[in-house]
Amino acid sequence: MITLVHLYPRELGINGDVGNVTALRVRAGWRGMPLEVIDVGAGDALPSTAHLVHIGSGPASARQPLHADIARHAKKLRSWADAGVPFLAIAAGWQLLGREVTELDGSVSAGAGVLPSTARVSPERVVGEVAGETELGEVAGFVNFGADDARDAGVAPFARLASGAEDGLIAGGLIGTNLHGPLLPMNPVWADRLLDLAAELAGVTGHEPDARRAEVDDYARRSRDAIRARLGLPALPR
Amino acid sequence: MRTALAVLAGRLARVLTRLRGGGSAFPGRVALLIAPRFLQRAVENLPLGVVFVSGSNGKSTTTQMLVSALRENGVDVFTNPSGANLPQGIASAILATAPLDGRLRNTIAVLEVDEAFGPQLAKRLVPHSVLLINVQVDQLNRFHEPDRVVGMLESFAAVATRHLVVNADDHNLVALASRLADRGAELSAFATDPKLLAESAWLARGDNPALATSQAAPIAASTRLVSAHDEVAVIEVDGVGVDVMLPARGLHNAVDATAAFAMARALLGDGFDLAAAARGVGSMAAVYGRGEVIRTPAGEELELLMMKNPPSMQVNLDALPEPPEQVLVAVDEGTPDPSWVYGTDLSKIRRVDVVTGTKCWQFATRFAYEGVRVDAVVPELGPALDRFLALPPPATGRKTMVVNYEQMMLIRKRLGYRELEGAS
């Protein structure tokens, strides 16, 4: 059984990042891999083990009260990351799992220290569709954030965007990113990468995927293509 | 003189845009260009002044309910048509009724105002009373942080000197009201029965943990929604209950009616006639595009469910008595990031006949993950609509369209509905 921990699904759950969890759950099912999702809200306890951790995004006002809560879990989350558990952290969730966040007023909130980065909240907002390249090929999505995220030295970005900007970070199985869409339904190659990492940790093997996977992946590719067209980028090969 | 010129030019613009079948904001823009104080002047002499209605969702419905309740109570009300909630839209509405001196002759103006434009509108129109319905997840690409929306509402709620009416179930609004407690306006509140509230999706609730930026001591509500079933709500004002026929089904419409009653009660004081208010709301037609049923040229019924933002889509789906037989979904760039639809409970949708709009592939992806069968994905609206309308008539006699605002407008146009929202 793959255990997927979804941190703060309600508190950081207004922008549909739960779709990442949906994609992982459904795709695991299509491959016959048993997977359970454990929701961990503010005040809840973490389970004893996890094979994959997801945390979504939300406004700064939703993130700020969670710093005190995540501090309770920081040690265990770091031990999971050290043991190779993959993490997918989106926007405010990424900030919360980083080392620290400098708020607009200059005050500093400590993060969980799972992801090798720091964030500085910025009054400037970056909003819009994006497309770019990752180590698994092209990705597309939507960003809507107001922070300067700084990766630690030597840490690679998750994506190099067509605009020239870099998004997020990747360090082994740890991913922090500002991409919505949500990321995994829109870019299923990354859903399968995370699922494979988690399955290996859990000792779970799957079978050949259901035909539905090819259909949904075609829809996702066309979604990315539509975004690329709106950004004036060349169409993807069929 | 300047005002008369503004009125004449605005009226001319109105005739021209109507001939063209165009937008409703242009005449107001013309009038405001010629007479920058056009809005101030229009409302200056209203005996009962100006009332604002705002919030993330339900502005148009609540405003029209408040207007209906007041009119049935014998008050001569000026209002802006649904959605015409920016300065130019309000100016256009004034042009449609004010004489050459530009001064409204009604008793009171009840205006729906956009959250972001509320502060500047308040400077010009000086509302003595403000009704705030909710702060919900809305257009994060535009508003970014709910704190900003709270700040906008607060800045014009602070202008009120007579009545501030808020939703007692909305943590942000309760906190806002407590911050404005000593500003001179009398505070009153409306509330929904906790059992009903518990049935509502957390996304649409005022205790939403992702949005409630502050905690405040609860406030008592003298206007309460006691029950809501199909299109009938029971609302209690000062302990006296009344049945209210809603213009469209759904808990959100019942809450909007409760909000409207609370403000009507505050404005009219002891003169408020509850039965008359219920009659007023009971005689309303559905508000433009909100749970509205329109007809095709062939006489088929089309139910429009708007998906402006996550709470509005969820409450519209939740209000469906059963899964719709035939469904068209149409979403375009008016919804720049539809990611949030993964947080929506789609269990009311069992099948989708056609998905269209520039975001069609993202919606097809979403439905595929839900295991909902999608018959056709047709990016262009024309062929998509043709295909949908050509389907054999459903047993219920009604087809359902889940649409964003922009697609709704295009669909109406294609079906021969010339009138635009905001055109009075």
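Let me begin by describing the structure that accompanies this report. (Residues numbered from 1 in each chain as written. Chains lettered and ligands numbered in written order. Predicted model: local features only at pLDDT ≥ 70, side-chain atom pairs only at ≥ 80, totals over all residues. Heavy atoms only, no water.)

Now for the layout of surface pockets. Gaps left between atoms are located by rolling a probe of water-molecule size over the structure's atoms. One number sums up the size of the second largest pocket: a volume of about 500 Å³. In terms of lining, the second largest pocket is formed by 29 residues, of which the most central are Pro59, Ala60, Arg125 and Gly146 of chain A together with Glu145 of chain B. Put simply, the parts of the chain that give the lining of the second largest pocket at least two residues each are α2 (60-63), α4 (92-97), β7 (117-134) and β8 (137-151) of chain A together with α8 (146-157) of chain B. (1 Å grid on protein atoms, 1.4 Å probe; cavity = no way out; pocket = protein on both sides within 12 Å on 5 of 7 lines; lining within 4 Å. Points joined across faces, edges and corners; volume = space filled by probe spheres on them. Helix = DSSP H or I, 4+ residues; strand = E, 2+ residues; numbered from the N terminus.)

This next bit is on the packing of helix α1 (residues 18-30) of chain A against helix α6 (residues 188-202) of chain A. All names here are of chain A. Two numbers describe how α1 lies on α6: the axes approach to 10 Å, and their chain directions differ by 70°. On the basis of their axis angle, the class for α1 and α6 is roughly perpendicular. In this structure, α1 uses Leu24, Arg27 and Ala28 to contact α6, whose residues at the interface are Pro188, Ala191, Asp192, Leu194 and Leu195. A class-by-class count of the residues in the contact of α1 with α6 yields six nonpolar, no polar and two charged. (Axes fitted to C-alpha atoms, helices over the stretch in contact; angles between N-to-C directions. Parallel < 35°, antiparallel > 145°, perpendicular 65-115°, else oblique. Contact = heavy atoms within 4.5 Å. Nonpolar A, V, L, I, M, F, W, Y, C, P; charged D, E, K, R; others polar.)

To continue, consider the environment of Val403 of chain B. Residue position: Val403 of chain B is located in strand β15 (residues 398-403). When residues no more than four places from it in sequence are discounted, the contact partners of Val403 of chain B are Leu304, Leu305, Met306, Met307, Ala330, Met408 and Ile411 of chain B.

Turning next to empty space enclosed by the protein. Inspection of the entire model under this criterion finds three cavities of 30 Å³ or more. For the largest cavity, the calculated volume is near 80 Å³. For the largest cavity, the lining is made up of 13 residues, of which Gly181 and Met186 of chain A together with Tyr342, Gln362 and Thr365 of chain B are closest to its centre. The biggest single contributor to the lining of the largest cavity is helix α14 (residues 360-370) of chain B, with four residues.

To continue, consider the packing of helix α4 (residues 59-72) of chain B against helix α11 (residues 251-268) of chain B. Residue and element names in this part refer to chain B. In the contact formed by α4 and α11, the axes pass within 8 Å of each other and the chain directions differ by 45°. Here α4 is positioned oblique relative to α11, judged by the angle of their axes. Between α4 and α11 the crossing geometry is right-handed. Where α4 approaches α11, its residues Thr61, Thr62, Met65, Leu66, Ala69 and Leu70 are matched on the opposing element by Asn253, Asp256, Ala257, Ala259, Ala260, Met263, Ala264, Leu267 and Leu268. Classifying every residue of the contact of α4 with α11 gives eleven nonpolar, three polar and one charged. (Left-handed = near helix turned anticlockwise from the far one by under 90°.)

Right, let's get into unusual backbone geometry. Residues Gly181 of chain A and Pro182 of chain A are joined by a peptide bond in cis, for which omega reads -15°. Mapped onto the elements of the fold, Pro182 of chain A is located in the loop between β12 (174-177) and α5 (183-186). Notably, Asp230 of chain B is not glycine yet its phi reads approximately 50°, a positive angle. Looking at the element boundaries, Asp230 of chain B is found in the loop between β7 (223-229) and β8 (232-237). You can call Asp230 of chain B exposed: its relative accessible area is 54%. We note that Asp238 of chain B has phi near 50°; this positive angle belongs to a residue other than glycine. Along the chain, the position of Asp238 of chain B falls in the loop between β8 and β9 (240-245). The partly exposed category is assigned to Asp238 of chain B, whose relative accessible area is 44%. (Buried < 20%, exposed > 50% of the residue type's maximum accessible area, 1.4 Å probe, protein only.)

Our focus in this paragraph is the interface of chain A and chain B. Listed per partner, the contact involves 36 residues of chain A and 31 residues of chain B. Summing both partners gives a buried area of about 2900 Å² for chain A against chain B, and 63% of it is carried by carbon and sulfur. It is Arg10, Ile14 and Tyr219 of chain A in chain A that bury the most area against chain B; as a group they hold 23% of the surface buried on that side. Where chain A packs against chain B, one counts two salt bridges. A salt bridge links Lys359 of chain B to Glu129 of chain A; the nearest nitrogen and oxygen atoms lie 2.6 Å apart. Secondary structure elements with two or more residues in the side of chain A that touches chain B: α1, α2, β7, β8, α5 and α7 (212-230) of chain A. When the residues that make up the side of chain A that touches chain B are grouped by side-chain class, the tally is 19 nonpolar, ten polar and seven charged. (Buried area = accessible area lost by both parts, 1.4 Å probe. Salt bridge = Lys/Arg side-chain N within 4 Å of Asp/Glu carboxyl O.)

Residues and elements named next belong to chain B. Burial analysis of β15 places five of its six residues in the buried class, which makes it a mostly covered element. For strand β11 (residues 301-306) and β15, the ladder comprises six bridges, and the chain directions are parallel. Note on β15: the bridge partner recorded for Leu305 is Val402. Here four bridges tie strand β12 (residues 327-330) to β15, and the two strands are oriented parallel to one another. (Pairing = 2+ DSSP bridges.)

Let us now look at the pattern of salt bridges. Residue and element names in this part refer to chain B. Evaluation of the coordinates by the stated rule reveals 37 salt bridges over all chains. Put simply, Glu303 and Arg249 hold a salt bridge, and the shortest N to O gap is 2.8 Å. You can see Glu303 sitting in strand β11 and its partner Arg249 sitting in the loop between β9 and α11, a full 54 residues away along the chain. Several salt bridges converge on common partners, so that one network encompasses Arg249, Arg295, Glu301, Glu303 and Arg398.

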